[in-house]
Amino acid sequence: MPFSSFGLSPALLLAVADKAYSRPTPVQLAALPAALQGRDVLASAQTGSGKTVAFALPLLQRLEQLAPGTPRLLRALVLVPTRELAAQVGEEIRSLGAHLSPPLKVSIVFGGVSINPQMLRLRGGTDIMVATPGRLIDLLEHNALTLANVAMLVLDEADRLFDLGFAEELSRILALLPAQRQNLFFSATFPPAVQTLAQTLLRDPVRVTVGPEPETAPDIVQRAIEVDVGRRTQLLLHLIKQNHWSRVLVFVATKHAAEMVADKLRKGRINAEPFHGNLSQGKRTQVLADFKASRLKVVIATDVAARGLDIAQLPVVVNYDLPRSALDYTHRIGRTGRAGERGIAVSFVSAESAAHLRLIEKSHGLSLLREQVAGFEPTPSDPATELGVDTSGNGGIKGRRPSKKDKLRAAAVAIQTRR
Ligand code: AMP
C-alpha cells in the first residue's frame, strides 16, 4: 500500500517523496488511516518504527486544511521526554511540512537553554509546538503561549515521560487543554501509569500494536567480547581501526568515563567526543550535528543518548560499560540497525561484569557467544570475581563495591582453591 493511498495532500506526498520513503512502515500503515480521519490512536511502537511520520502527517494534513488566513494559533502540541527527541521530532515535522503553502510554523522548545529566545520566537504565534513538559510549563507561566486552541495532542514516548518524572507536569498541561481534541498516544511499553493515562485521555481509540515483524525487525548482530576492564579503551581503538568502522556510538556508565575514553581515543588519532548531561546544550547539539554529518567518527555517551536518538546509518554501537538494565540494553542497541539498515552491537564483558551480562541475556532470551580478540585476551579471573564481587570499582555496572566482609570471604576462597 503506497503513501498515495491515504488521501494525503499533494504537498505532503511531495515531502514524503523528497525523503524517499517508498512505502509506509507497519505503524504508519496501521495508524495513518485512523489518525487522518481524526480518531484517537493508541500505538505501541518503538523508536525506529517510523512513528514520528505516523503522527506528523495527520497533524500537518489537518492544519493544512484550515482556511487560508486563519490566525496562527497553537493547534497541535507534541510532548516528548527529551531535548534531543524534541529537536528530532520538530525537524521531521518541519521537513514533512516543507511544501505547504502558506507554511506552518513549527516551534521546538526544551529546557537547558535560555527561555528568552524561545519566548521571542513565539511572538506572533505558532501552529505546531514540540515541547518537553518542563519547559512548556515555564513558557505557560511566562504567559508566552496559551493551550486554549490545541485541537491535536501527541504524547510521544509516553512511558519515558513517566520514567523521567514528568507525571506532575503532564497532568498540569492536560488540565489546560480543551476537552475537544484528537489524541495520538505513542509508547514503547505500557506500565500501569501509562495505561491509566491512556484510559483517561483517549476516546474510543484505534489500537495499534506493531510487533517486530520479520521484514522490519532490526537487523542487528549482537556480539560479546571478553576483555579486562583496564584494556577496553585499547581494544576499542583496535576494533575501530581494524574494522574501519565509520561511525560508532559507545556507551559508558559515567560522565567521567565518557570524557576519559574520548580523550584517549583522540590521543589515538580518532575523532571522538563525549556526550553527557553535564555538557551545555549547545555542545550537545554540536556533537550530534557533527556525528550525524560524519564530521565525527566516535561519540562516547552516557545513557542520556540511549533513547529516542535517531542517527541514520549508524553501523556500530559499543557497550563499553554494560547498561544497568535489560531494557537499557534494548534501547542502546536500538540506536543501530534503524529503518531496515544493518547494525552491529558489541558488548565488552569482563570477569566483573560477566554475571550481569548473563542476566541481560536471560531476560532477552539471548545466548551470545563469548569472543576474544587476539592480543586482548582477558587474564584468567581470580576467585574474588568468580564470587560475583565487583572489584573493578568502575561504577559501570549494577552491583556494589566489595565490603570488608566480601574481601575476607574472597581471600578465604582464594586460600582454599590454592590448596
Ligand atoms: P521514528 O520511529 O519516528 O524514530 O523513525 C525512525 C526512522 O525511520 C527515521 O530515520 C525516519 O526517517 C525513518 N522512516 C520513517 N518512515 C519511513 C518509511 N516509510 N520508510 C523508510 N524510512 C522511514
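Everything below is about the structure shown above.
Computed from a predicted model, the values in this text were never measured in an experiment.

### Section: unusual backbone geometry
- With an omega of 0°, the peptide bond between S101 and P102 qualifies as cis.
- Mapping P102 onto the fold places it in the loop between α4 (83-96) and β3 (106-109).
- Even without being a glycine, E157 presents a positive backbone phi close to 55°.
- A residue is classified by how much of its surface remains accessible, and E157, at 4% relative accessible area, is buried.
- Here the phi dihedral of H244 falls at roughly 50°; this positive angle occurs in a residue that is not glycine.
- Looking at the element boundaries, H244 is found in the loop between α10 (232-243) and β9 (248-251).
- Overall, H244 belongs to the exposed group, its relative accessible area being 68%.

### Let's talk about the side chain of H276
- The topology assignment puts H276 in the loop between β10 (272-275) and α12 (281-292).
- A polar side-chain atom of H276 sits 2.8 Å from a polar atom in the side chain of E259.
- From its side chain, H276 meets the backbone nitrogen of N278 in a polar contact 3.1 Å long.
- Residues within four places of H276 in sequence aside, it is in contact with K255, A258, E259, R284 and T302.

### Some details on the sheet that holds strand β7 (residues 206-209)
- Strand order across the open sheet formed by 7 strands is β3-β4-β2-β5-β6-β1-β7, with parallel pairing between neighbours. Taken across any chain shown, the strands that pair with only one partner, and hence form the sheet edges, are β3 and β7. Pairwise comparison of adjacent strand axes, ignoring direction, gives a mean angle of 10° for this sheet.
- Packed on one face of the sheet, α4 meets β2 (76-79), β3 and β4 (128-131) and runs near 175° to β3.

### Observations concerning the pattern of salt bridges
- Throughout the structure, instances matching the rule amount to 18 salt bridges.
- Notably, a salt bridge pairs D156 with K51, separated by 2.8 Å at the nearest N-O pair. Note that D156 is positioned in the loop between β5 (152-155) and α7 (158-163) and K51 in helix α3 (residues 51-64), a separation of 105 residues in sequence. Across this residue pair, the class does not change: D156 and K51 are buried.
- The partner of E141 in a salt bridge is R172, and the shortest N-O contact between them spans 2.9 Å. Taken as a pair, E141 in helix α6 (residues 133-141) and R172 in helix α8 (residues 167-176) lie far apart in primary sequence, 31 residues in all.
- Among the residues examined, E141 registers a relative accessible area of 52% and is labelled exposed.
- The class for R172 is partly exposed, based on a relative accessible area of 40%.

### Things to note about the layout of surface pockets
- Counted as a void, the second largest pocket has a volume near 260 Å³.
- Residue lining of the second largest pocket: 16 residues in total, with L63, A67, T70, P102 and L104 positioned closest to the centre.
- Per-class residue counts for the lining of the second largest pocket are 9 nonpolar, 3 polar and 4 charged.

### Quick notes on the sheet that holds strand β8 (residues 219-226)
- Spatial strand order, β10-β11-β9-β12-β13-β8-β14: 7 strands in an open sheet with parallel pairing. Lying at the two open borders of the sheet, with one neighbouring strand each, are β10 and β14 (370-371).
- Of the strand pairs in this sheet, β8 and β14 are connected by 2 bridges, and their pairing is parallel. Directly across from I225, in β14, lies its bridge partner E371.

### Examining the packing of α6 against α8
- Relative orientation of the contacting elements α6 and α8 amounts to 50°, with a least axis distance of 9 Å. Accordingly, the angle class assigned to the pair α6 and α8 is oblique. In this structure, α6 crosses over α8, and the sense of that crossing is left-handed. Of α8, the residues touching α6 (which contributes P133, G134, L136, I137, L140 and E141) are E169, R172, I173 and L176.

Parameters and conventions
- Residues numbered from 1 in each chain as written.
- Predicted model: local features only at pLDDT ≥ 70, side-chain atom pairs only at ≥ 80, totals over all residues.
- Heavy atoms only, no water.
- Helix = DSSP H or I, 4+ residues; strand = E, 2+ residues; numbered from the N terminus.
- Buried < 20%, exposed > 50% of the residue type's maximum accessible area, 1.4 Å probe, protein only.
- Polar contact = N/O pair within 3.5 Å; in protein donor to acceptor, adjacent residues only side chain to side chain.
- Contact = heavy atoms within 4.5 Å.
- Pairing = 2+ DSSP bridges.
- Axes fitted to C-alpha atoms, helices over the stretch in contact; angles between N-to-C directions.
- Salt bridge = Lys/Arg side-chain N within 4 Å of Asp/Glu carboxyl O.
- 1 Å grid on protein atoms, 1.4 Å probe; cavity = no way out; pocket = protein on both sides within 12 Å on 5 of 7 lines; lining within 4 Å.
- Points joined across faces, edges and corners; volume = space filled by probe spheres on them.
- Nonpolar A, V, L, I, M, F, W, Y, C, P; charged D, E, K, R; others polar.
- Parallel < 35°, antiparallel > 145°, perpendicular 65-115°, else oblique.
- Left-handed = near helix turned anticlockwise from the far one by under 90°.

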